[in-house]
Amino acid sequence: MPDYNPEDGALKIYGLVGYPVKHSLSPLMHNAAFKTLNLNAEYKLFEKKAPEIPDFFNSLMDAGIAGLNVTFPYKETVKEFIDEYTPEASLIGAVNTVRIEKNKKTGHNTDGIGFIRHLAQVYRSNLKGISVFILGAGGAARAIVFSLARCDVGNIVVYDIDHDKAKSLSEEVMEKSGFTRIGVADSADELLQCKPELLINATPVGMKEDDPVLIKAESLFPYTFVYDLIYKPAETKLLRLAGKRGLSSSNGLGMLLYQGAESFEFWTGLKAPVEVMRRTLTAVL
Ligand code: NAP
């Protein structure tokens, strides 16, 4: 358990390390939570280029840093600085949360937990047997795919522009979790044959205004629930397309909220004030 002691007057620093991180909403969400619980803590952004990472991780204690979120592009490479892993981080093979206590760094991953927690609200909590098609095989997709496998979904098809990346993720899932109903698509058009109940966009495609939609309109079936991890813009072209075809869908704001709440609880041992965090996020988006 973390050693958070609200009576201890010392300021505790938390933050997000990655590159780039300038536009992150995590400081707003976490600082609102600290304020609500009256904690002497502050959440900062640490925008670091790769050569700066070793020095940064080796001086966390000196800098008074008690916890970190880790984002693109360091979720996997950061592992060399971690002393201990939670079962979640160890299964997923990537870290998005670090707790620093008495010079011990414990790595955790809250992306998959946050995704499943939000999905239970907007779609369903029992995912057993459903078919899933996921666009992207990067850091976020990795956490989601391992979490879906644990929920005993029916099958998962992974598509990534880098076919080898999708293949190695699928092989790793089979090897580490024993979940074998996972395969790789050669193109996003295979969605048409797969007819999934759940379609997830875990690529950054859709963040920019001139981004294309990765799938064809006719690949969306009336029963497909569309989840886009992107939350800015709130409605991507993919979500607009889903809406036009009358499908239920969600953006990734709830995932951001719940992965943040899980990180907060992992650092402090305190229950995260989720509603305050949610209100803070929705006020700026
Ligand atoms: P990432 O590690 O870079 O993974 C993205 C993957 O998508 C990469 O494998 C990339 O391949 C692939 N890709 C890029 N363009 C593609 C295309 N046209 N077709 C198919 N695959 C393509 O990024 P990430 O950290 O997983 O994040 C992915 C998205 O999720 C981002 O938009 C991020 O903001 C969002 N996200 C949201 C939350 C949340 O809480 N809502 C949490 C985490 C991430 P290459 O590497 O070859 O380009």
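Predicted model, so just to flag it, every value in this text is computed and none were measured.

Draft legend 1. Spotlight on the sheet that holds strand β11 (residues 225-228). With respect to topology, six strands assemble into an open sheet ordered β9-β8-β7-β10-β11-β12, the strand pairing being parallel. Edge positions in the sheet fall to β9 (182-184) and β12 (249-250), since each has one partner strand and no second. Strand direction decides the pairing type here: strand β8 (residues 155-159) and β9, joined by three bridges, are parallel. When the bridges of β9 are listed, I156 appears paired with I182. Across the sheet, helix α4 (residues 111-122) is in contact with β10 (198-201), β11 and β12; its angle to β11 comes to roughly 140 degrees.

Draft legend 2. Geometry of empty space enclosed by the protein. Here the structure, examined in full by the defined rule, presents one cavity of 30 Å³ or more. Of the voids in this model, the largest cavity is the one considered here, and its volume is about 70 Å³. L135, N201, V205, G206, P212, V213, L214, I215, T236, K237 and L238 are the residues that line the largest cavity. When its residues are assigned to classes, the lining of the largest cavity shows seven nonpolar, three polar and one charged.

Draft legend 3. Region of the structure containing helix α8 (residues 237-244). Among all positions of α8, only L238, L239, L241 and A242 are buried. Across the axial projection of α8, the buried residues extend over an arc of 155 degrees, all falling on one side. Residue G246 follows α8 closely and has a positive phi angle near 75 degrees.

Draft legend 4. Representation of the packing of helix α5 (residues 139-150) against helix α6 (residues 163-177). Axis separation between α5 and α6 bottoms out at 11 Å; the angle between their running directions is 40 degrees. With respect to each other, α5 and α6 are oriented oblique. Crossing hand, α5 versus α6: right-handed. Across the interface between the two elements, A141, R142, V145, F146 and A149 from α5 touch L169, E172, V173, K176 and S177 from α6. Taken together, the residues of the contact of α5 with α6 sort by class into six nonpolar, one polar and three charged.

Draft legend 5. Here's a closer look at the pattern of salt bridges. One pass over the full model with this rule turns up 15 salt bridges. Linking R278 and E275 is a salt bridge whose minimum nitrogen-to-oxygen distance equals 3.1 Å. Of this pair, R278 and E275 both sit in helix α10 (residues 274-284), three residues apart, roughly one helical turn. E275 sits in the partly exposed class, given a relative accessible area of 42%. Several salt bridges converge on common partners, so that one network encompasses E76, R142, E172 and K176.

The rules behind each value
- Residues numbered from 1 in each chain as written.
- Predicted model: local features only at pLDDT ≥ 70, side-chain atom pairs only at ≥ 80, totals over all residues.
- Heavy atoms only, no water.
- Pairing = 2+ DSSP bridges.
- Helix = DSSP H or I, 4+ residues; strand = E, 2+ residues; numbered from the N terminus.
- Contact = heavy atoms within 4.5 Å.
- Axes fitted to C-alpha atoms, helices over the stretch in contact; angles between N-to-C directions.
- 1 Å grid on protein atoms, 1.4 Å probe; cavity = no way out; pocket = protein on both sides within 12 Å on 5 of 7 lines; lining within 4 Å.
- Points joined across faces, edges and corners; volume = space filled by probe spheres on them.
- Nonpolar A, V, L, I, M, F, W, Y, C, P; charged D, E, K, R; others polar.
- Buried < 20%, exposed > 50% of the residue type's maximum accessible area, 1.4 Å probe, protein only.
- Arc of directions from axis to C-beta.
- Parallel < 35°, antiparallel > 145°, perpendicular 65-115°, else oblique.
- Left-handed = near helix turned anticlockwise from the far one by under 90°.
- Salt bridge = Lys/Arg side-chain N within 4 Å of Asp/Glu carboxyl O.

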